[in-house]
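Spelled out from the first residue to the last, the chains are:
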Amino acid sequence: METKYIFVTGGVVSSLGKGIATSSIGLLLKSYGLKVTLQKIDPYINVDPGTMNPYQHGEVFVTEDGAECDLDLGHYERFLNNSLGRENNITTGQIYYSVISRERRGEYLGKTVQVIPHITDEIKSRIKQLASKNNIDVVITEIGGTVGDIEGQPFLEAARQMRLDYGKENTLYIHLTLVPFIKAAREFKTKPTQHSVRKLREMGIQPDILLCRSDSWLTSDERQKISLFCNVPINAVIDAVDVECIYEIPLIFRQQKLDQMILKELQIEKQDPDLTEWELFVQKAKSPSKVTEIAICGKYVELRDAYKSIIEALSHAAVANDARLKMKWIDTDRIEDEIALENALGMVNGILVPGGFGMRGVEGKVRIVKYAREMNKPFLGICLGLQCLVIEYARNVCGMKGANSTEFDDETAYPVIDLLPEQKKITNMGGTMRLGNWPCRLEARSLARKIYAKDIIEERHRHRYEVNPKYIKALTSKGLVFSGKSPKGKLMEIAEIPNHPFYIGTQFHPEFTSRPLAPNPIFYHFIKSSLEII
Ligand code: GLN
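Reading the values: rules and limits
Residues numbered from 1 in each chain as written. Predicted model: local features only at pLDDT ≥ 70, side-chain atom pairs only at ≥ 80, totals over all residues. Heavy atoms only, no water. Helix = DSSP H or I, 4+ residues; strand = E, 2+ residues; numbered from the N terminus. Rg over C-alpha atoms; globule rule 2.2 N^0.38 Å. Buried < 20%, exposed > 50% of the residue type's maximum accessible area, 1.4 Å probe, protein only. Contact = heavy atoms within 4.5 Å. Pairing = 2+ DSSP bridges. Right-handed = clockwise from strand over helix to strand, strands pointing away. Axes fitted to C-alpha atoms, helices over the stretch in contact; angles between N-to-C directions. Phe/Tyr/Trp six-rings, centres within 6.5 Å; stacked < 30°, edge-to-face > 60°. Expected span 1.5 Å × (residues − 1). Near = heavy atom within 4 Å. Polar contact = N/O pair within 3.5 Å; in protein donor to acceptor, adjacent residues only side chain to side chain. Nonpolar A, V, L, I, M, F, W, Y, C, P; charged D, E, K, R; others polar.

Caption draft 1: The arrangement of the overall build of the protein chain in detail. Helix and strand content of the protein chain: 18 helices and 23 strands. Taken over C-alpha atoms, the radius of gyration comes to 25 Å for the protein chain, in line with the 24 Å a tight globule of 534 residues would show. Expressed along its principal axes, the backbone C-alpha trace of the protein chain runs to roughly 75 × 60 × 45 Å. Evaluated residue by residue, the protein chain yields a buried proportion of 57% over its 534 residues.

Structure, rendered in structure tokens:
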């Protein structure tokens, strides 16, 4: 089968859920046995989001090959139940970086280097390469931003050219737009959609299918109107209605026959999709019989997107445990004394301290870790969360007064967390942390070994600091167990303590590998133990 290229664009406003829509289409096509991959284009100049503040960008998702990516890659992996890689996320920065490097090497042979064709050729070649390298049937490319953005134009132009290159039967344009309900007039308004489709047409792209985000179902009159003004057949006006669970969206699309329409347009002859497992998951997610409340204690808590994969991993684990997840967001900057601690954490069933960078909120996290240890509350510390666990143990159990990470205090008498040796000479900030999959050997008879039921695991990393080898003896002699280590035993990957219902910290990020149909084992057992202490 010839490779098919689908482009997903967005109109009117951002945050309409283009990533979820793209992932849902991916899942629907995969359910027909097609080999599908998803690709995100981010039109900003940064080479990747790794150097951006979470307030700017939300979570940085890490792939197994160590790329720091847009958080939509997380949705892609969760819906497709596949791991993706570096090539699945393109930015303007990467495109210009390679075109300019080629120009400096003299490879354009004296030509003037221009947006069209050189930049657009580079964009197209990255889309095509992704397909050919992995023998893909359908590539779905999501173009970030909103039509009309100046920085998105070269990508839309490249998408337009793809139809010229491969023909109508091999390319498809899907546009996600907003159809707001105006309360005063008691009507849906289709004008913003008309305008955004017009903007897309100015770029030479007539959408084949419209996904209309709305807070309740559109009537056939409204769909008729959108169809007429936007020049799209009425059955291609699909309602992307708000739902309580994002994992329901593929089913909402299928109900409106979006999958069959895509297959027909792209002349793909496939039948009998299988979504049984997915349907079962959604059903379970919607009617749990238990409840658990988990405190998420970080410093970016006003921006939930900063913890996207953690939220999803917790909810996958909750569904698998037949529980509804309640999340309590704790700003660690505000945890200054015992009263604040008790108010924040007294009633929750589990405590999670996620990753983070910089000093703000760290002392609050250390207090929280101590509380979880002493009060026997199920606790999961991730990356910086593990580092805080070690700092707390050093200070309060091993008597190392003022123990700290050199990230926060480079004059501490007890630098129990320090830069990785290979990090000491690094000056460039972008893409230079310890990133991606690294193997970890689990100790026999530990909680970690019981959780994973394996001797060697691989999980994804993103950090510069680690447990300082100089203090391992002192920490372990007082009862801290390093139950996961790099295969040669040099790097401490997991710490836990015995005689506690559940108390574990990981240097890696288990949230990145959790999927609805395959929850991450650490999250699964964390939620399980939170239910046991209720
Ligand atoms: N700031 C810490 C480090 O660089 C932790 C990083 C994280 O939590 N992702 O090691």
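Caption draft 2: Spatial organisation of the side chain of Thr 91. As for its position among the elements, Thr 91 is in strand β5 (residues 89-91). Thr 91 gets classed as buried once you look at its relative accessible area, which sits at 1%. Beyond its immediate sequence surroundings of up to four residues, Thr 91 is in contact with Asp 42, Tyr 44, Asn 46, Val 47, Asp 48 and Phe 155.

Caption draft 3: Examining the pairing of strand β12 (residues 290-298) more closely. For β12, the tally of buried residues reaches seven of nine residues, placing the bulk of the element in the interior. As paired strands, β12 and strand β13 (residues 323-331) are joined by nine bridges and run parallel to one another. Bridging from a neighbouring strand, Ile 294 pairs with Met 327 of β13. Taken together, β12, helix α12 (residues 308-320) and β13 form a β-α-β motif whose crossover is right-handed. Note: β12 against strand β14 (residues 350-353), three bridges, orientation parallel. Paired with Ile 296 across the strands is Leu 352, a residue of β14.

Caption draft 4: Main features of the sheet that holds β14. One open sheet accounts for nine strands, arranged β13-β12-β14-β15-β23-β22-β21-β18-β19; its pairing is mixed. Both edges of this open sheet fall to β13 and β19 (456-463), since each of them pairs with a single strand only. On average, each strand axis in the sheet is inclined to that of its neighbour by 25°, with strand direction left out of account. Direction of pairing for strand β18 (residues 434-442) relative to β19: antiparallel, over a ladder of eight bridges. What sits directly across from Arg 441, in β19, is Ile 456. Helix-sheet contacts for helix α13 (residues 338-345) involve β12, β13 and β14, and the interaxial angle to β13 is about 160°.

Caption draft 5: Quick look at the packing of aromatic side chains. By the definition in use, this model includes 15 aromatic pairs. Ring centres of Tyr 55 and Tyr 300 lie 5.6 Å apart, and the angle between their planes is 80°; on these two criteria the pair is classed as edge-to-face. One end of the pair, Tyr 55, is in helix α2 (residues 54-57); the other, Tyr 300, is in the loop between β12 and α12, with 245 residues separating them in the sequence. Classification of Tyr 55 as partly exposed rests on a relative accessible area of 37%. By relative accessible area, Tyr 300 is classed as buried at 8%. Plain terms: the ring middles of Tyr 247 and Phe 281 are 5.5 Å apart, the flat faces sit at 85° to each other, and that makes the pair edge-to-face. In this pair, Tyr 247 sits in the loop between β11 (237-241) and α9 (249-255) while Phe 281 sits in helix α11 (residues 276-286), placing the two residues 34 residues apart along the sequence. Each of the two residues, Tyr 247 as well as Phe 281, counts as buried. An aromatic cluster is present here, built from Tyr 55, Tyr 300, Tyr 307 and Trp 329 joined pairwise through their rings.

Caption draft 6: Quick peek at α12. Taking 1.5 Å as the rise per residue, α12 with 13 residues should run 18 Å; its terminal C-alpha atoms sit 19 Å apart, in good agreement. Within α12, 10 of the 13 residues are buried, which leaves the element mostly enclosed by the surrounding structure. Residues Ser 309, Ile 310, Ile 311, Glu 312, Ala 313, Leu 314, His 316, Ala 317, Ala 318 and Val 319 constitute the buried set of α12. Looking at the residues trailing α12, positive phi occurs at Asp 322, about 60°.

Caption draft 7: Fine view of the site of the ligand. Taken together, Gly 355, Gly 356, Phe 357, Cys 383, Leu 384, Gln 387, Glu 407, Arg 462, His 463, Arg 464, Tyr 465 and His 509 form the complete shell of residues around the ligand. At 2.9 Å from an oxygen atom of the ligand is found a main-chain nitrogen or oxygen belonging to Gly 356. Between Glu 407 and the ligand, the recorded distance is 2.8 Å, taken from a side-chain N or O atom to a nitrogen atom. Going through the elements one at a time, α15 (384-396) and β19 are the ones with two or more residues in the shell around the ligand. For the shell around the ligand, the residue count by class is four nonpolar, five polar and three charged.

Caption draft 8: Main features of unusual backbone geometry. Put simply, Ile 116 and Pro 117 share a cis peptide bond, and its omega is 10°. With respect to the helices and strands, Pro 117 occurs in helix α5 (residues 115-133). Of note, the phi angle at Asp 322 is positive, near 60°, even though the residue is not glycine. Topologically, Asp 322 is positioned in the loop between α12 and β13. A residue is classified by how much of its surface remains accessible, and Asp 322, at 28% relative accessible area, is partly exposed. One non-glycine residue, Arg 445, lies in positive phi territory at about 60°. With respect to the secondary-structure elements, Arg 445 resides in the loop between β18 and α16 (447-452). Using a relative accessible area of 82% as the deciding quantity, one classes Arg 445 as exposed.

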